[in-house]
Amino acid sequence: MKIPLERTIGDTYKFAFSNILSIFGIAWLPCVLVAALTAAAVWALWPDFAAIDWSAAPDAERNREVFFHLWLKMIGIGLPLYMLIYVFFAMITVGIQQKALGQIDGPVFVYFSLGGAVWRLLISPFFAGLAG
């Protein structure tokens, strides 16, 4: 079976430009939440970055200790943040796919869904890894 390349690309642009407000409506809230959570993570980690003496300091042992605690804190904050970002971008992907398939009618101004489709999209790489 041959895929009509020109028609596929044309339909993609037609969908994108005719639903531009809905696409922004689907994406803006998760993106704002990601930005706010990232800013909160930087705010929480900033004092630890400031505590490191970045010059050629004679107190290298203290710097190693501070740097080690910074890494632990970065893992403790960064890993849950990464998982939340993964959920938010899966939410955007599912929302745009549902809009493209016609499962969402009319304009979308705010979209926040943690339904089954989002969780299936999140878990699918794990099952693909098991199958491969």
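The structure reproduced in this document is the subject of the present report. Everything quoted here is computed from the prediction, not taken from an experiment.

### Structural notes on the overall build of the protein
Stage number 1. Looking only at helices and strands, the protein has 4 helices and 0 strands in total.
Stage number 2. Secondary structure elements of the protein, listed N to C terminal, follow the sequence α-α-α-α.
Stage number 3. For the protein, the C-alpha radius of gyration of 22 Å lies well beyond 14 Å, the compact-globule estimate for 132 residues.
Stage number 4. For the protein, with 132 residues in total, the buried portion stands at 23%.
Stage number 5. Contacts in the protein between residues far apart in sequence, at least 24 positions, make up 70% of those at least 6 positions apart.
Stage number 6. Accessible surface computed for the protein: about 9,600 Å², of which carbon and sulfur atoms make up 73%.
Stage number 7. In the protein, 8 positive and 8 negative side-chain charges are present, and the distance between their average locations comes to 15 Å.

### Describing the environment of leucine 37
Stage number 1. Note that leucine 37 resides in helix α2 (residues 20-51).
Stage number 2. The exposure class of leucine 37 is partly exposed, given its relative accessible area of 31%.
Stage number 3. Between the C-alpha atoms of leucine 37 and leucine 84, which are 47 residues apart in sequence, the distance is 8.9 Å.
Stage number 4. Beyond its immediate sequence surroundings of up to four residues, leucine 37 is in contact with Leu81, Leu84 and Phe88.

### Digging into the packing of α2 against helix α3 (residues 60-100)
Stage number 1. Where α2 contacts α3, the axes come no closer than 10 Å and their chain directions differ by 180°. As the angle between them shows, α2 and α3 are arranged roughly antiparallel.
Stage number 2. Of the residues belonging to the contact of α2 with α3, the class tally is 25 nonpolar, 3 polar and 4 charged.

### Things to note about a nonpolar patch on the surface
Stage number 1. On the surface, Leu5, Ile9, Tyr13, Phe17, Ile20, Leu21 and Phe24 cluster together into a nonpolar patch covering about 790 Å² of accessible area.
Stage number 2. Counting only elements with at least two residues in the nonpolar patch, the list comes to α1 (5-18) and α2.
Stage number 3. With 4 residues, α1 is the largest single contributor of residues to the nonpolar patch.

### Observations regarding the packing of aromatic side chains
Stage number 1. Enumeration according to the criterion identifies 5 aromatic pairs in this entry.
Stage number 2. Ring centres of phenylalanine 126 and phenylalanine 127 lie 5.4 Å apart, and the angle between their planes is 65°; this geometry places the pair in the edge-to-face category.
Stage number 3. Judged by its relative accessible area of 51%, phenylalanine 127 falls in the exposed class.

### Notes on the nonpolar core
Stage number 1. Formed by Ile26, Val34, Val87, Phe88, Ala90, Met91, Val94, Ile104, Val108, Tyr111, Val118 and Leu122, the largest nonpolar core amounts to 12 residues.
Stage number 2. Residue assignment for this core shows that the elements contributing at least two residues are α2, α3 and α4 (116-131).
Stage number 3. With 5 residues, the single largest contributor to this core is α3.

### Description of the pattern of salt bridges
Stage number 1. Per the stated rule, a full pass over the model turns up 2 salt bridges.
Stage number 2. In this structure, lysine 73 and aspartate 48 form a salt bridge, with 3.0 Å as the shortest nitrogen-oxygen distance. A residue pair is termed long-range when its members are at least 10 positions apart, and lysine 73 in helix α3 and aspartate 48 in helix α2 qualify at 25 residues.
Stage number 3. For aspartate 48, a relative accessible area of 21% corresponds to the partly exposed category.

Reading the values: the criteria
- Residues numbered from 1 in each chain as written.
- Predicted model: local features only at pLDDT ≥ 70, side-chain atom pairs only at ≥ 80, totals over all residues.
- Heavy atoms only, no water.
- Helix = DSSP H or I, 4+ residues; strand = E, 2+ residues; numbered from the N terminus.
- Rg over C-alpha atoms; globule rule 2.2 N^0.38 Å.
- Buried < 20%, exposed > 50% of the residue type's maximum accessible area, 1.4 Å probe, protein only.
- Contact = heavy atoms within 4.5 Å.
- Areas by Shrake-Rupley, 256 points an atom, 1.4 Å probe, with all protein chains shown as cover.
- Lys, Arg positive; Asp, Glu negative; His and termini not counted.
- Charge placed at Lys NZ, Arg CZ, Asp CG, Glu CD.
- Axes fitted to C-alpha atoms, helices over the stretch in contact; angles between N-to-C directions.
- Parallel < 35°, antiparallel > 145°, perpendicular 65-115°, else oblique.
- Nonpolar A, V, L, I, M, F, W, Y, C, P; charged D, E, K, R; others polar.
- Patch = residues over 30% accessible without salt bridge, like charges linked within 9 Å, V, L, I, M, F, W, Y side chains within 5 Å.
- Salt bridge = Lys/Arg side-chain N within 4 Å of Asp/Glu carboxyl O.
- Phe/Tyr/Trp six-rings, centres within 6.5 Å; stacked < 30°, edge-to-face > 60°.
- Core = buried A, V, L, I, M, F, W, Y, C linked by side-chain atoms within 4.5 Å.

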